There are 2 protein chains.
Amino acid sequence: MSEFEAVVERVRERVDPTPDERAALAETVERLTDRAREAVTELDVDADVLQVGSTARGTWVAGDRDIDLFVRFPPDISREDLEAYGLQVGNAVLPEGREEYAEHPYVKGVFEGYDVDLVPCYRLDSATDIQSAVDRTPFHNAYLVERLDDNLAGDVRLFKQFLKGVGAYGSDLRTRGFSGYLTELLVVEYGEFRETLEAISEWEPQVRLDPEDHAAATFDDALVVVDPTDPERNVAAVVSDTNVARVIHHARAFLADPDEAVFEPDSPEPLDAAGVREHVERRGTTPLAVVFDAPDLVDDQLYPQLYRSRDGLVRGLEKRGFWVLRAATWADERAVLFAELEVAELSAVERHEGPPVYVSGHATGFYEKYADTDAYGPFVDGERYVVERERDVRTAREFAEDHLPDVALGAHVESIVERGDYEVLVGERVASLADEFGEELAGYFDPSA
Amino acid sequence: MSEFEAVVERVRERVDPTPDERAALAETVERLTDRAREAVTELDVDADVLQVGSTARGTWVAGDRDIDLFVRFPPDISREDLEAYGLQVGNAVLPEGREEYAEHPYVKGVFEGYDVDLVPCYRLDSATDIQSAVDRTPFHNAYLVERLDDNLAGDVRLFKQFLKGVGAYGSDLRTRGFSGYLTELLVVEYGEFRETLEAISEWEPQVRLDPEDHAAATFDDALVVVDPTDPERNVAAVVSDTNVARVIHHARAFLADPDEAVFEPDSPEPLDAAGVREHVERRGTTPLAVVFDAPDLVDDQLYPQLYRSRDGLVRGLEKRGFWVLRAATWADERAVLFAELEVAELSAVERHEGPPVYVSGHATGFYEKYADTDAYGPFVDGERYVVERERDVRTAREFAEDHLPDVALGAHVESIVERGDYEVLVGERVASLADEFGEELAGYFDPSA
């Protein structure tokens, strides 16, 4: 047996559900389905109940405990009725559950130890008629069920665990990785786990797959997988460029040197304050942290705002000459925008270029504006007027304290910043973040592919 | 009388030679010409003697004491004979003179208090037949003599003094300004002093003049004045972009507000060491000076090398992340390359981007090169591998001490630097330059258009 096969064999043992796990799940699903059907009979409408998701297709990784049940209503009922009926069924099946809102409301709850989503949708003839994203799910399910046998389902489990290990699994907006559906489509397209890795190791973005050869739109994402059930949709739209490259890297590395460790996510030993100080000292940088209470939002709303705020902070700093070595953002009770600067302090004056001397009105205006100030100049350099004037901001702290509201931030972060409800830590003071973000700091200071 | 006319009237009084000065000069020129003709009769060749330059055309500024006499030989004698005859005549006329070398040898000396150049050239029918640059001078002279009357000669004197005042007069390679010939051509083209300034105040580079409408080449200089005696030559080729813009600025400013001061070059009060320190403190910069004994070269060789070295220093610093606010170079007994930095010190690590992950051979090489070093990473960012590795140079001093030979320098400066015969001054230490370069430092720290 090759080393590749040996490693894969050992991983299979961990990710394949045991017969007992399968049986227990199947029984629970049956009981849930029965309860849902019973609740439907209370309604004056012709609805059916459908299990979807990885547990419906045998592609779940051992230990995952998610069950997705969809209740499909006829397309001629109103949206209001759909929502009302959906919640009625959901609350009947999961009396301890709570109502959640994606595109429309559904019920989430725990049943016999499983996490259950009970979701209403329309029963349609074609995925192109869908009214909301959940209507698409039954079509995805049907497409995959038809193409995945038990063997391929096992390869999906391996590939999922591989993606989990490298940190690229999950289409949530924090991870921006590969969804379950995308994972399964890739295995359907390429074949077994090994063939899937081989294909990925040769990806050169833009990568474009169109299993049904029916694309009806153009996409500029690094990875494009046209949805077999919707020619206008890229299943991989959410996947970040970094995650595409990361998966290419790990596919190539694992094929060259199969190492079981890649299937386990890194969980670095948290850094303590002294550890943070040691890295800052060694790196000779000036770290800057903007710290505030995390806004009360679900992750899919919170992280896009934090990413946007982090990028706005970086752009604002670089625009003023503070080159950022790297930046990050983390959230727990508090949230942090973190930027590590290459310089601590800039000169008191900065070069400010005016228009070319010959652009007469504009140039004269510039000259007169500065002629009697205490700026150095105006003088002529090349074809332009130039002055050396006092810089707005000489340190990153000044920027974070006085100019943060000027940069593009996520909406909730913006209102926090406008109220001034944040703290600025500079230099070794960021070490105090280790109490809450020791693991994130450990990952930051030990970055790997 | 308008303010413009009043100012110009006062300046005329200073720049117009008096009748006595004219008469004295004419007599000296006559005696010189006689001596030269006499020396020519000693030779077995048919040569004539021609006065050229500003004193031949009445365009010299009062007090200038330069006389240019050309001895024109028939084109059928050899270059060797021309040079031998030229020196023979020169030494006979100016027995105290010394031989100088431009494109070919000539004699330079003092005669009755005037600085005299006695230059041999060929007598040709057309300027396009010239064998060296000096052969062109008689054609320039003839062209101008035909077009400049006494009135326009007075306007040339005003315009010359104006250019001297703003620091843009002189086609030497230190100044890179307007030659006498170019100055006169512009007045011939535009008319009186006022019309010349008005035309210049409306220049929008690229400015293109072709008095004879015969250009036979393309030029990319900011100012192009096609030589009336040579369709392939731009008379303004040496003029820097900065000097073009500077002259536009001063023409516009003087027309808007005529101020006699513009006709006098700035000669700032030299700064002392305390004055330098005060500016450095106020500007919050990190100045860096590379100081060495000035190579023993004429200015037209020295300054191009110093400029090239200054630019090489700036590029080398900026390539390593040290942003340069401004740079300069000065020469006296010693020479200085001066660069004023916006930052004192950079982080110990720097970001180093590798190839896109998918460029497989190259990418794998990069990854393996850094995988087991103490660099941070490699990690994946966007589509690329990135490492954070130790920076070569954290301070400008380290750069100047260890990496100066890597940048493009002028040839003589390069050999000085390679021998290590230079001193590096950083921060307030540059104040010690004030002893030798107090005036240059004063100009540097009080830059004006």
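If you're wondering where the values come from, they're calculated on a predicted model, not measured in any experiment.

Caption draft 1: Molecular detail of the nonpolar core. If you look at the biggest cluster of nonpolar residues, it comprises 67 residues, and the most contacted ones within it are A:Phe292, A:Leu306, A:Leu317, B:Phe292, B:Leu306 and B:Leu317. If we skip the residues at most four places from it in the chain, B:Leu306 touches B:Phe292, B:Thr329, B:Trp330, B:Ala331, B:Ala335, B:Leu337 and B:Val413.

Caption draft 2: Quick look at the packing of aromatic side chains. Inspection of every chain in the model, using the stated rule, returns 37 aromatic pairs over all chains. Between the aromatic rings of A:Phe338 and A:Tyr444, the centroid separation amounts to 5.1 Å while the plane-to-plane angle is 75°, which identifies the pairing as edge-to-face. With a gap of 106 residues between them, A:Phe338 in strand β11 (residues 334-341) and A:Tyr444 in helix α15 (residues 434-444) connect regions that are remote in the sequence. Residue A:Phe338 is classed as buried on the basis of its relative accessible area, which comes to 0%. Where B:Tyr367 meets B:Tyr385, the ring centres are 5.2 Å apart and the plane angle is 45°; that geometry is what we call tilted. Highlighted residues: B:Tyr367 in helix α12 (residues 360-371) and B:Tyr385 in strand β14 (residues 384-390), separated in sequence by 18 residues.

Caption draft 3: Layout of the sheet that holds strand β10 (residues 324-331) of chain B. Residue and element names in this part refer to chain B. One open sheet accounts for four strands, arranged β10-β11-β9-β15; its pairing is antiparallel. Single-partner strands in this sheet number two, and they are β10 and β15 (423-426). The average undirected angle you get between the axes of adjacent strands in this sheet is 15°. Packing against the sheet, helix α15 (residues 434-444) makes contact with β10 and β11 (334-341), and its axis sits at approximately 145° to β10.

Caption draft 4: Here's a closer look at the relation of the copies chain B and chain A. The operation relating chain B to chain A is a screw motion whose rotation component is 180°, with 0.0 Å of axial translation and a residual RMSD of 0.1 Å. Overall, the copies show the geometry of a two-fold rotation axis. Judged by C-alpha distance, B:Val343 is the residue of chain B that lies nearest the rotation axis, at 3.5 Å. The residues that chain B uses at the interface reappear at the interface of chain A in 100% of cases, marking a shared surface.

Caption draft 5: Layout of the interface of chain B and chain A. With 51 residues of chain B in contact, the opposing surface of chain A contributes 51 residues. For the pair chain B and chain A, the summed buried surface comes to about 4100 Å²; carbon and sulfur atoms form 55% of the total. When the buried surface of chain B facing chain A is broken down by residue, B:Arg252, B:Tyr358 and B:Tyr376 rank first, second and third, together holding 16% of it. Taken together, the connections running from chain B to chain A amount to six salt bridges. Note that A:Glu342 is salt-bridged to B:Arg391, the shortest N-O span being 3.2 Å. Summed over the shared surface of chain B and chain A, the result is 28 residue pairs in polar contact (both at pLDDT 80 or more). Taken together, the elements giving at least two residues each to the side of chain B that touches chain A come down to α9 (241-256), α10 (273-283), β10, β12 (349-356), α12, β13 (376-381) and β14 of chain B.

Caption draft 6: Focus on the confidence of the model for chain A. For chain A, per-residue confidence averages 94 on the pLDDT scale, and 100% of positions sit at 70 or higher. In the model output, the complex is listed with pTM 0.85 alongside ipTM 0.91.

Caption draft 7: Spatial organisation of helix α14 (residues 411-419) of chain A. All names here are of chain A. The complete set of buried residues in α14 reads Val 413, Ile 416 and Val 417. Considered in projection along α14, the buried side chains sweep an arc of 95° and stay on one side of the axis. Exposed side chains of α14 directed beyond 90 degrees from the buried face belong to Ala 411, Glu 418 and Arg 419. Directly after α14, the chain includes Gly 420, whose backbone phi takes a positive value near 75°.

Caption draft 8: View of a negative patch on the surface. A cluster of like negative charges, contributed by A:Glu27, A:Glu30, A:Asp34, A:Glu38 and A:Glu42, occupies part of the molecular surface. Residue classification places A:Glu30 among the exposed residues on the basis of a relative accessible area of 54%.

Caption draft 9: Here's a closer look at the pattern of salt bridges. The full count for this structure, using the stated rule, is 71 salt bridges over all chains. B:Arg157 serves as the salt-bridge partner of B:Asp16, at 2.8 Å between the closest nitrogen and oxygen. Of the two residues, B:Asp16 sits in the loop between α1 (3-15) and α2 (19-41) while B:Arg157 sits in helix α6 (residues 150-166), which places them 141 residues apart along the sequence. Accessibility expressed as a relative area gives 4% for B:Arg157, which makes it buried. Across the salt bridge formed by B:Arg123 and B:Asp48, the nearest N and O atoms sit 3.7 Å from each other. Placement of B:Arg123 in the loop between β5 (114-122) and α5 (137-147) and of B:Asp48 in strand β1 (residues 48-52) is noted, with a sequence separation of 75 residues between them. Through salt bridges with shared partners, a single ionic network connects A:Arg10, A:Arg14, A:Glu260 and A:Glu264.

Caption draft 10: Region of interest: the sheet that holds β11(A). Residues and elements named next belong to chain A. Reading across from one edge, β10-β11-β9-β15 is the order of the four strands in this open sheet, with antiparallel pairing throughout. Two strands bound the open sheet, and with one partner strand each, they are β10 (324-331) and β15 (423-426). Strand-to-strand, the axes of this sheet are offset by a mean angle of 15°, without reference to chain direction. Relative to β15, strand β9 (residues 286-293) is paired through four bridges, and the arrangement is antiparallel. In the strand pairing of β15, Val 291 is matched with Glu 423.

Caption draft 11: Region of the structure containing helix α7 (residues 180-190) of chain A. Residues and elements named next belong to chain A. Taken across its eleven residues, α7 has eight buried, putting it largely inside the fold. What α7 keeps buried is the set Gly 180, Tyr 181, Leu 182, Thr 183, Glu 184, Leu 185, Leu 186 and Val 187. Where α7 terminates, the next one or two residues include Gly 191, which has phi positive at roughly 110°.

Caption draft 12: Fine view of the environment of B:Ala217. All names here are of chain B. Tracing the backbone shows Ala 217 in the loop between β6 (207-209) and β7 (223-227). Along the sequence, Ala 217 and Glu 232 sit 15 residues apart, while their C-alpha atoms lie 5.2 Å from each other. Among all residues touching Ala 217, those that are not within four sequence positions of it are Pro 231 and Glu 232.

Caption draft 13: How the structure looks around the packing of helix α11 (residues 299-319) of chain A against α14(A). Residues and elements named next belong to chain A. In the contact formed by α11 and α14, the axes pass within 8 Å of each other and the chain directions differ by 60°. One element, α11, and the other, α14, form an angle in the oblique class. For the pair α11 and α14, contact is made by Gln 305, Leu 306 and Ser 309 and by Ala 411, His 412 and Val 413, respectively. Partitioning the contact of α11 with α14 into residue classes produces three nonpolar, three polar and no charged.

Each value, and the rule that gives it
- Residues numbered from 1 in each chain as written.
- Chains lettered and ligands numbered in written order.
- Predicted model: local features only at pLDDT ≥ 70, side-chain atom pairs only at ≥ 80, totals over all residues.
- Heavy atoms only, no water.
- Core = buried A, V, L, I, M, F, W, Y, C linked by side-chain atoms within 4.5 Å.
- Buried < 20%, exposed > 50% of the residue type's maximum accessible area, 1.4 Å probe, protein only.
- Contact = heavy atoms within 4.5 Å.
- Phe/Tyr/Trp six-rings, centres within 6.5 Å; stacked < 30°, edge-to-face > 60°.
- Helix = DSSP H or I, 4+ residues; strand = E, 2+ residues; numbered from the N terminus.
- Pairing = 2+ DSSP bridges.
- Axes fitted to C-alpha atoms, helices over the stretch in contact; angles between N-to-C directions.
- Least-squares fit on C-alpha atoms with pLDDT ≥ 70 in both.
- Buried area = accessible area lost by both parts, 1.4 Å probe.
- Salt bridge = Lys/Arg side-chain N within 4 Å of Asp/Glu carboxyl O.
- Polar contact = N/O pair within 3.5 Å; in protein donor to acceptor, adjacent residues only side chain to side chain.
- pLDDT = per-residue confidence, 0-100.
- Arc of directions from axis to C-beta.
- Patch = residues over 30% accessible without salt bridge, like charges linked within 9 Å, V, L, I, M, F, W, Y side chains within 5 Å.
- Areas by Shrake-Rupley, 256 points an atom, 1.4 Å probe, with all protein chains shown as cover.
- Lys, Arg positive; Asp, Glu negative; His and termini not counted.
- Charge placed at Lys NZ, Arg CZ, Asp CG, Glu CD.
- Parallel < 35°, antiparallel > 145°, perpendicular 65-115°, else oblique.
- Nonpolar A, V, L, I, M, F, W, Y, C, P; charged D, E, K, R; others polar.

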